[in-house]
Amino acid sequence: MQGEDVKVELHSEGGQRVLVVSGEKNHQTEHTKKSKKGGEVKVWRQERTHTSFSRAFTLPQDAKDDGITARMEHGVLTVEIPKAERPAATKHAPKRIRVDAPAPAAAPNPAAD
């Protein structure tokens, strides 16, 4: 396949970004033979093939739309998707959360009777 046979598209579907890679190739082969008499060309055999494919990839949230590149070299498609810079992870000490509960009711004192 050549670069003009392949299509790379970015779709937004239901809040998700989907990268769709598809392609189509038509090929026709004809085997001919010239006649000995008048130079007339006769077709011996004719073959036609059609190949197509489509793949969809859901992109992660940190993928950058504006920097996506694709190139075809020696029949190999390479798609590069840059990621957004993530802020450096900072480690925080655990924060204690106070648990509120009603004060226990005073138990009756049997000695007071």
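In this text, all values refer to a predicted model and were calculated from it rather than measured experimentally.

### Considering the pattern of salt bridges
Thought 1: Across all of its chains, the model carries five salt bridges by this definition.
Thought 2: Between Arg 71 and Glu 80 there is a salt bridge whose closest N-O contact spans 3.6 Å.
Thought 3: Arg 71 gets classed as partly exposed once you look at its relative accessible area, which sits at 43%.
Thought 4: Taken together, the salt bridges that share partners define one network made up of Arg 71, Glu 73 and Glu 80.

### Brief notes about the side chain of Asp 5
Thought 1: Along the chain, Asp 5 falls in the segment before β1 (6-13).
Thought 2: Residue classification places Asp 5 among the buried residues on the basis of a relative accessible area of 16%.
Thought 3: Of note is the side chain of Asp 5, whose polar atom sits 3.4 Å from the side chain of Lys 25.
Thought 4: Those residues in contact with Asp 5, other than ones at most four positions away along the chain, are Ser 22, Gly 23, Glu 24 and Lys 25.

### Thoughts on the environment of Ile 81
Thought 1: Turning to its location among the elements, Ile 81 is positioned in the segment after β5 (76-80).
Thought 2: Note: C-alpha distance between Ile 81 and Ile 68 (13 residues apart in sequence) is 4.7 Å.
Thought 3: Setting aside its immediate chain neighbours within four residues, Ile 81 contacts Leu 19, Leu 59, Ala 63, Lys 64 and Ile 68.

### Here's the deal with the pairing of strand β4 (residues 69-73)
Thought 1: Both β4 and β5 contribute to a ladder of five bridges, which runs antiparallel. When the sheet's bridge partners are listed, Thr 69 is paired in β5 with Glu 80.
Thought 2: Between β4 and β5, which pair antiparallel and follow one another directly, the connecting turn spans two residues, one of which, His 74, has a positive phi of 55 degrees.

### Here we look at the confidence of the model for the protein
Thought 1: Chain-level statistics for the protein give a pLDDT mean of 82 and a share of 82% at 70 or above.
Thought 2: Across the protein, the element-wise mean pLDDT spans from 83 in strand β3 (residues 41-58) up to 92 in β5.

### Observations regarding unusual backbone geometry
Thought 1: You will see that His 74, though not glycine, has its phi angle at about 55 degrees, which is positive.
Thought 2: You can see His 74 is positioned in the loop between β4 and β5.

Cut-off values and rules
- By convention here, each chain's residues receive numbers from 1 onward along its written sequence.
- Since the coordinates come from a predicted model, pLDDT governs what is reported: local features require at least 70, and pairs of side-chain atoms require 80 or more to be given and counted, while whole-chain, interface and lining totals use all residues.
- Computation of side-chain values: all heavy atoms of the structure, hydrogens and water removed.
- Salt bridges, as used here, are contacts in which a Lys or Arg side-chain nitrogen is within 4 Å of a carboxyl oxygen on Asp or Glu.
- Classification of residues uses two cut-offs on accessible area relative to the type maximum, computed with a 1.4 Å probe and protein chains only: under 20% is buried, over 50% is exposed, and between them is partly exposed.
- Only DSSP runs of H or I covering at least 4 residues are called helices, and only runs of E covering at least 2 are called strands; the numbering of each starts at the N terminus.
- Think of a polar contact as two N or O atoms within 3.5 Å of one another; within protein, one of them needs to be a possible hydrogen donor and the other a possible acceptor, and neighboring residues in sequence only count if both atoms come from side chains.
- Residues count as neighbours in contact if any of their non-hydrogen atoms are within 4.5 Å of one another.
- Pairing between strands requires that DSSP locate at least two bridges from one strand to the other.
- Scored from 0 to 100, pLDDT records how confident the predictor is in each individual residue.

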